[in-house]
Amino acid sequence: MNIVDEDPDPLCCCEYFDRHEQRNHIFLCCCQCTELDEICERLITCKTVDRKLKKEMWFTFKDRLRIPYPGGARLLLCESLLPLFLIILSQLIGAINMYSTCIAFVLSLYVLYYARKSYYRANHRTSFCFYWCIWSVAYLVVLFQTNLPLMEILPEENFVFVLLLTFMLISFYMVHRINKRHYSTSGLQSALASDDDSATVLIMPEDKNSNTSKDCNTTNDEEGEYELWICSNITYYNYKYYIAACCLGTVTFLWYSNLVITTVCHPFPVFRVFNVEILMPDDCSDVYDQYDIALCFVGALYALVLAVFCFIKFIQELYYITKSIAFSNWHSDEQHQRHSRKNCINNWRSFLCN
């Protein structure tokens, strides 16, 4: 008979083992923090605070940031929650008036610039920008769907938005899926025993004329580039999906922005496409008179900023393809690559046929 050992004192949904392997409770998150007490005491007494003490307080704070879960409280990452807090805070502040909108957008851009600069300075792959993109899309979708009666959006217009959003998310998902499929885990990296720390193990697809697969040990610069905003390597395997995602992102956010702004502002018709009027905003001076309308307006401006960002990335990738400076793997030899830099048709043929 098999005897199953059971824990005589299992964890409840609010208990956990902290980084010192001691049993703790999430309701005690603000208690028994010696690092915080010492820092406050040093600040009151005008003493310098040691950097090591700051790190200990930060590690303790991250370790206590948990949510209840059956079998023990689960740890939450600050990089995943901080973008959500900053996005909601900036949108709420930006909906007050025109000046607060400008301040909120400038501060948001500065935070993203600082996060990107910190990544390149420390050469550390952070998920802060990735979660910023995820929470931005989630916030805009929730804002749009909860204010459909207020903005009087037609069901057909909402269906087009949902369809574009679905295709965009599928494209970004395929970028991640293909990247995980071709890049191996750390176990394969140690098996190859490479001396180059910057090397990345890449599992090549199976050859059609062979039953074996190839293992390729190449650097990131040769095979692709790490995209900070989607937390994935962009290689020639998922490059087409990445371009499609940028294009769909541009169209989706432009459609979102146009629907909301032409609803909360006074629109005027520009032209017709297949018997459908294309509207543009005329006067948006009274959008801040009502807070919920102003919140939708600020969200539309934020979607417009995202559309501009996706469009810049899309045009940049098209330029790389035209000049044949994206990936050298499209060409069989160096001579053909140098020749194709002057021939846009060959560059696009090489891109589409590989």
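For the structure itself, look to the data block above.
Within every chain, residues take consecutive numbers counted from 1 along the sequence as written. Only residues with pLDDT of at least 70 are given local features in this predicted model, and only at 80 or more are side-chain atom pairs given and counted; all residues enter the totals for whole chains, interfaces and linings. Calculated side-chain values reflect all of the structure's heavy atoms, with hydrogen atoms and water omitted.

Glancing now at the overall build of the protein chain. Of regular secondary structure, the protein chain possesses 13 helices and ten strands. For every residue, the accessible area obtained with a 1.4 Å probe (protein chains only) is divided by the maximum for its type, and the residue is called buried under 20%, exposed over 50%, and partly exposed between those limits. Taking all 354 residues of the protein chain together, the buried fraction comes to 37%. Considering only residue pairs separated by 6 or more positions, the protein chain has 56% of its internal contacts joining residues 24 or more positions apart. In this description, accessible areas are obtained by the Shrake-Rupley approach with a 1.4 Å probe, and a residue is regarded as covered only by the protein chains that are shown. Looking at the protein chain as shown, the accessible area adds up to about 22600 Å², and 61% of this sits on carbon and sulfur atoms. Each helix corresponds to a stretch of at least 4 residues labelled H or I by DSSP, and each strand to a stretch of at least 2 residues labelled E; elements are numbered beginning at the N terminus. Throughout, a residue-residue contact means that at least one pair of heavy atoms, one from each residue, lies within 4.5 Å.

Turning next to the packing of helix H10 (residues 239-264) against helix H11 (residues 291-323). Viewed as axis vectors pointing N to C, H10 and H11 meet at an angle of 150°, and their least axial separation amounts to 7 Å. Of the possible angle classes, the one that applies to H10 and H11 is roughly antiparallel. Here the hand of the crossing between H10 and H11 comes out left-handed. The axes are straight lines fitted to the C-alpha atoms, using for helices just the contacting stretch, and the angles between their N-to-C directions are given from 0 to 180°. Relative orientations are named as follows: roughly parallel for angles under 35 degrees, roughly antiparallel for angles over 145 degrees, roughly perpendicular for angles from 65 to 115 degrees, and oblique for any other angle. The handedness criterion is simple: a crossing whose near helix is rotated anticlockwise from the far helix by less than a right angle is left-handed, and one whose near helix is rotated clockwise is right-handed.

Right, let's talk about the state of the cysteines for a bit. Note that a disulfide, as used here, is simply two cysteine sulfur atoms within 2.5 Å. Overall, the coordinates contain zero disulfides when judged by the stated rule. Of all cysteine sulfurs in the structure, the one in Cys 310 sits closest to Cys 246, which takes part in no disulfide; the separation is 6.1 Å.

A separate point is a nonpolar patch on the surface. Together, Leu 82, Phe 85, Ile 88, Leu 89, Leu 92, Ile 93, Ile 96 and Tyr 291 line one region of the surface with nonpolar side chains, adding up to about 710 Å² of accessible area. Here the element with the most residues in the nonpolar patch is helix H3 (residues 78-94); it accounts for six residues. Structurally, the position occupied by Ile 93 is in helix H3. On the accessibility criterion, Ile 93 (40% relative accessible area) is partly exposed. Patches draw on residues past 30% relative accessible area with no salt bridge. Two like charges within 9 Å are joined, as are two nonpolar side chains (Val, Leu, Ile, Met, Phe, Trp, Tyr) within 5 Å. What counts as a salt bridge is simple: a side-chain nitrogen of Lys or Arg found within 4 Å of a carboxyl oxygen of Asp or Glu.

Below, the discussion takes up the side chain of His 176. Along the chain, His 176 falls in helix H7 (residues 155-182). You can call His 176 buried: its relative accessible area is 19%. Non-local contacts of His 176, meaning those with residues more than four positions away in its chain, are made with Phe 130, Ile 230, Cys 231 and Ser 232.

Turning our eyes to something else, we now look at the nonpolar core. Here, the term nonpolar core denotes a set of buried Ala, Val, Leu, Ile, Met, Phe, Trp, Tyr and Cys residues that are joined through side-chain atoms within 4.5 Å. Counting residues in each nonpolar core, the largest one holds 55 residues, and the members touching the most others are Leu 140, Phe 144, Phe 253, Tyr 256, Val 260 and Val 264. For this core, the element with the most residues is H11, which contributes 14 residues. Apart from residues lying up to four places away in sequence, Phe 144 is in contact with Met 151, Ile 153, Asn 158, Phe 161, Tyr 256, Leu 259 and Val 260.

On to empty space enclosed by the protein, then. Here a cavity means grid points, on a 1 Å grid over the protein atoms only, where a 1.4 Å probe fits yet cannot get out; a pocket means an open set of points with protein on both sides within 12 Å along at least five of seven lines; lining residues are those with an atom within 4 Å of a point. Grid points are joined across faces, edges and corners, and a volume is the space filled by probe spheres set on the points. This structure, assessed with the given rule, holds two cavities of 30 Å³ or more. What the second largest cavity holds in volume is close to 30 Å³. Every residue along the wall of the second largest cavity is listed here: Val 137, Leu 140, Val 141, Phe 161, Leu 165, Phe 253 and Tyr 256. When contributions to the lining of the second largest cavity are tallied by element, the ones reaching two or more residues are helix H5 (128-146), H7 and H10. If one sorts the elements of the lining of the second largest cavity by residue count, H5 sits on top with three residues.

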